[in-house]
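# Per-entry structural report
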Amino acid sequence: MSVLTQSPGWQALQAHHKTIARVQMRDLFAQEPNRFERFSLQVGDILLDYSKNRITTKTRSLLLDLAREADLPDWIEHMVGGERINTTEGRAALHIALRNRSNRLIAVDGQDVMPAVNAVLSRMQAFSETVRSGAWAGYAQGRITDIVNIGIGGSHLGPEMVCEALKPYGSAELSVHFVSNVDGAQIAQTLQRLNPASTLFIITSKTFTTQETLANARTARSWFLENGGDMASLAQHFVAVTNNKDAAAAFGIDPQRTFEIWDWVGGRYSLWSAVGLPIALAVGFERFTELLDGAHSMDEHFRTAPLHENMPVLMGLLGLWYGSFFGAETLAVLPYDQTLHRFPAFLQQLDMESNGKRVTRDGEAVDYATAPVVWGEPGTNGQHAFFQALHQGGKLIPADFIAAAESHYPIDRHHDMLLANFFAQTEALMRGKTAAEVRAELQAGGLSGDALERLLPHKLFPGNQPTNSILLRKLDPGTLGALIALYEHKIFVQGMIWRINSFDQWGVELGKQLATVILAELETPDPVSSHDSSTNGLINAVKEMRDGS
Ligand code: F6P
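The following paragraphs examine the structure supplied in this document.

### What to know about the overall build of the chain
In terms of regular secondary structure, the chain is built from 24 helices and 13 strands. Against the compact-globule benchmark of 24 Å for 549 residues, the chain has a radius of gyration of 26 Å, which places it among compact chains. Across its three principal axes, the chain shows a C-alpha extent of roughly 80 × 65 × 60 Å. Buried positions account for 52% of the 549 residues belonging to the chain. Of the contacts made within the chain by residues no fewer than 6 positions apart, 73% connect residues no fewer than 24 positions apart. By element, 52% of the accessible surface of the chain is carried by carbon and sulfur atoms, the whole surface being about 23600 Å². Positive and negative side-chain charges in the chain, numbering 46 and 60 respectively, have mean positions lying 4 Å apart.

### A short note on the packing of aromatic side chains
Any two aromatic rings considered together are summarised by their centre-to-centre distance and by the angle between their planes. Considering all chains together, one arrives at 27 aromatic pairs under this definition. When the centroid spacing of 4.8 Å and the interplanar angle of 85° are considered together, the rings of Phe127 and Trp136 count as edge-to-face. Looking at Phe127, the relative accessible area reads 6%, which means it is buried. Given the relative accessible area of 13%, Trp136 is considered buried. Between Trp321 and Phe325 the ring centres are 5.6 Å apart and the planes differ by 45°, which places this aromatic pair in the tilted class. With a gap of four residues between them, Trp321 and Phe325 both fall in helix α16 (residues 311-326), about one helical turn apart.

### A short note on the pairing of strand β6 (residues 175-179)
Bridge count between strand β5 (residues 146-150) and β6: five bridges; the pairing is parallel. Following the sheet pairing, Ile147 is matched in β6 by Val176. Chirality of the crossover, the property in question, places the unit of β5, helix α9 (residues 157-165) and β6 among those that are right-handed.

### Some details on the site of the ligand
Close contacts around the ligand come from 14 residues, with Gly154, Ser155, Ser205, Thr207 and Thr210 the closest. Contact distances for the ligand include 2.9 Å between an oxygen atom and a side-chain N or O atom of Glu353. Here the ligand is seated within the largest pocket. Residue classes in the shell around the ligand are distributed as two nonpolar, nine polar and three charged.

### Side note on the pattern of salt bridges
Within the structure shown, the criterion is met by 23 salt bridges. In this structure, Glu300 and Arg303 form a salt bridge, with 3.0 Å as the shortest nitrogen-oxygen distance. Of this pair, Glu300 and Arg303 are both found in helix α15 (residues 285-304), three residues apart, which corresponds to roughly one turn of the helix. Looking at Glu300, the relative accessible area reads 24%, which means it is partly exposed. A relative accessible area of 27% places Arg303 in the partly exposed class.

### Brief notes about the environment of Ala482
By secondary structure assignment, the location of Ala482 is in helix α22 (residues 477-497). For Ala482 and Val43, which are 439 residues apart along the polypeptide, the C-alpha to C-alpha distance reads 9.0 Å. Beyond its immediate chain neighbours, meaning those up to four positions away, Ala482 contacts Ile46, Gly294, Ala295, Ser297 and Met298.

### Notes on the sheet that holds β6
Strand order in the open sheet formed by five strands is β6-β5-β7-β8-β9, with parallel pairing between adjacent strands. Edge strands, defined here as strands with exactly one partner in the open sheet, are β6 and β9 (258-260). The average angle at which neighbouring strand axes cross in this sheet is 20°, direction not considered. As paired elements, strand β7 (residues 199-204) and strand β8 (residues 238-242) share four bridges and run parallel to each other. By the bridge assignment for β8, Phe201 is matched with Phe238. Where helix α8 (residues 114-133) meets the sheet, it contacts β5, β7, β8 and β9, and its direction lies at approximately 145° from that of β9. On top of the sheet, helix α11 (residues 211-226) reaches β5, β6, β7 and β8; it is set at about 160° to β7, its chief contact.

### Considerations on empty space enclosed by the protein
Per the stated rule, a full pass over the model turns up five cavities of 30 Å³ or more. Taken as a whole, the largest cavity holds about 190 Å³ of empty space. Lining the largest cavity are 23 residues, with Leu318, Gly319, Tyr322, Leu331 and Pro398 positioned closest to its centre. Taken together, the elements giving at least two residues each to the lining of the largest cavity come down to α16, β10 (330-335), β12 (399-406), β13 (467-474) and α22. Looking at the lining of the largest cavity element by element, the count peaks at six residues for α16. Of the residues assigned to the lining of the largest cavity, the class counts are 12 nonpolar, eight polar and three charged.

How each quantity is defined
Note on numbering: residues in each chain are counted from 1, in written sequence order. Restriction of local features to residues with pLDDT of at least 70 applies here, the model being predicted, together with a cutoff of 80 or more for giving and counting side-chain atom pairs; totals for whole chains, interfaces and linings are based on all residues. The basis for the side-chain values is all heavy atoms of the structure; hydrogens and waters are excluded. Numbering goes from the N terminus for both helices and strands, where a helix is a DSSP run of H or I of at least four residues and a strand is a run of E of at least two. It is over C-alpha atoms that the radius of gyration is taken, and the globule rule equals 2.2 Å times the number of residues to the power 0.38. Between buried and exposed lies partly exposed: a residue is buried under 20% and exposed over 50% of the maximum accessible area for its type, with that area taken using a 1.4 Å probe on protein chains only. Here a residue-residue contact requires only that any non-hydrogen atoms of the pair lie within 4.5 Å. Here the open area of atoms and residues is found with the Shrake-Rupley method and a 1.4 Å probe, where only the protein chains shown may cover a residue. Charge assignment in this entry is limited to Lys and Arg as positive and Asp and Glu as negative, and neither His nor the chain termini are counted. By convention, charge coordinates are those of NZ in Lys, CZ in Arg, CG in Asp, or CD in Glu. When two rings of Phe, Tyr or Trp (its six-membered ring) have centres within 6.5 Å they constitute a pair, described as stacked for plane angles under 30 degrees, edge-to-face for angles over 60, and tilted for the intermediate range. Note on pairing: two strands pair once DSSP finds at least 2 bridges between them. Viewed with both strands pointing away, a crossover whose connecting path from the first strand over the helix to the second turns clockwise is right-handed. Whether a residue is near a molecule or strand depends on its heavy atoms: if one lies within 4 Å, it is near. Two N or O atoms count as a polar contact when they lie within 3.5 Å, although within protein this holds only if one can serve as hydrogen donor and the other as acceptor, and sequence-adjacent residues are included solely when both atoms are side-chain atoms. Think of a 1 Å grid over the protein atoms and nothing else: a 1.4 Å probe that fits but is trapped marks a cavity, an open set flanked by protein within 12 Å on at least five of seven lines marks a pocket, and residues with an atom within 4 Å of a point count as lining. Each molecule is assigned to a cavity or pocket provided more than half of its atoms lie within 2 Å of the corresponding grid points. For this classification, Asp, Glu, Lys and Arg are treated as charged, while Ala, Val, Leu, Ile, Met, Phe, Trp, Tyr, Cys and Pro are nonpolar and the rest, including Gly, are polar. Just to be clear on terms, a salt bridge is a Lys or Arg side-chain nitrogen sitting within 4 Å of an Asp or Glu carboxyl oxygen. What counts as an axis is a line fitted to C-alpha atoms, over the stretch in contact for a helix, and the angles between N-to-C directions run from 0 to 180 degrees. Grid points are joined across faces, edges and corners, and a volume is the space filled by probe spheres set on the points.

Note that all results are geometric; they support no functional claim without further evidence.
Have a look at this one:
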């Protein structure tokens, strides 16, 4: 048994789980009329209703005991204090410094990082304002109309998700595109629509070694040079965001046009840094700082609120309750907001790359579940697709529902219909429909006897599916910043209790190594025999298929 599963807090929860496992939430609601007041809290413009969870006040207090036993408050201090908590890479995890709007001193090894953070923010402001005003001229002296961000993973998902979410704040004069996939289809289809004279590329890569990003950047550079641009004008059309200035310079990007990020910014936590340049360009620097302000307010809440009133702590504990004690394997993230359609994809990296770990920070194998498989689609689309399985599929699938009270698009009854569906689904998932209720309904519809009995099991809803309801006043930059920070900290809470390093990602390396070998093999005519028979077979089949064409 591991240190965690042997701990008194864990053991107490395991015993408690036995008493809770068969309790129906609809009974808890009947017994506790004030369950909403008891299990909800508001931070700024975000309301979290966690009353539709399989918990009692005892569950919550046992979960909070576990957090204390795991020294969570100390871990929060270690993170915000700039300690090198990412031990396998010897780095701090200081994304909170990127949005430290109070400018309080945050140091790594005794050195305040804030002057450097503020200097890059000032450069981002100057650059984004020049481009947005039209003062930044392309080689034909016209304004920039299109930005193409080339980057992948953390250098893509966060900025893209935010640009989509903040579309209502976008400018009609500037379009932002994202190219991440090494599949040539994406860059080809993007460039097809663009004019090199009015296009600005941002090559975003913390390491500036990522295969996909460099391939796309090279293709973009060739397209630019072959379609009117020249080496002298490259600097007006290519900028970089990186921790590796030398590699960006070797690629041909003017060091004056390179925006720095630091090793203590994890890729998936980087949208607040210069990686957020496409956001500042899309919605303006002022809106970008509102995003930072929102995240900062959630950071301050996380840092200072007592654990029992701490939104990221409570959400983290609830996720852990289902994953580690009920055996739930996934988390559905269901934004009832079309502009948040990339939020589940962003969270997949944030959660699964952070906490998809099988050993503790000390290298001990874990004997409990860590990161859930995160998935989801915007509501109401999911209702007409996979919700069947949520209601009757027999698997425990905790879900986060997210929506804004106020819409940017108040058309007719759309927003009320959207919210009605959100609330109806969480109610249905919680309550279910009992045999007695189904029977009464069928009888009222005139059915009886065998016909009724045959249909009845199909119309039963077991319910008891846990959901969090996250209600935002309005999806504006500040609220979005706070929402993202909420999930970042939630994931941190879980990682610290699971005793893992949430800030490294060694699991992405093996595939990269093998792909380098296979790329070289694909480019030779000879059949390959150095792998297992499946991999050999696939490589050789490609060669044969191409020969045959
Ligand atoms: O391969 C995984 C990863 O390293 C992610 O952690 C990161 O966000 C992404 O690749 C992109 O890395 P980079 O910004 O260095 O190109």
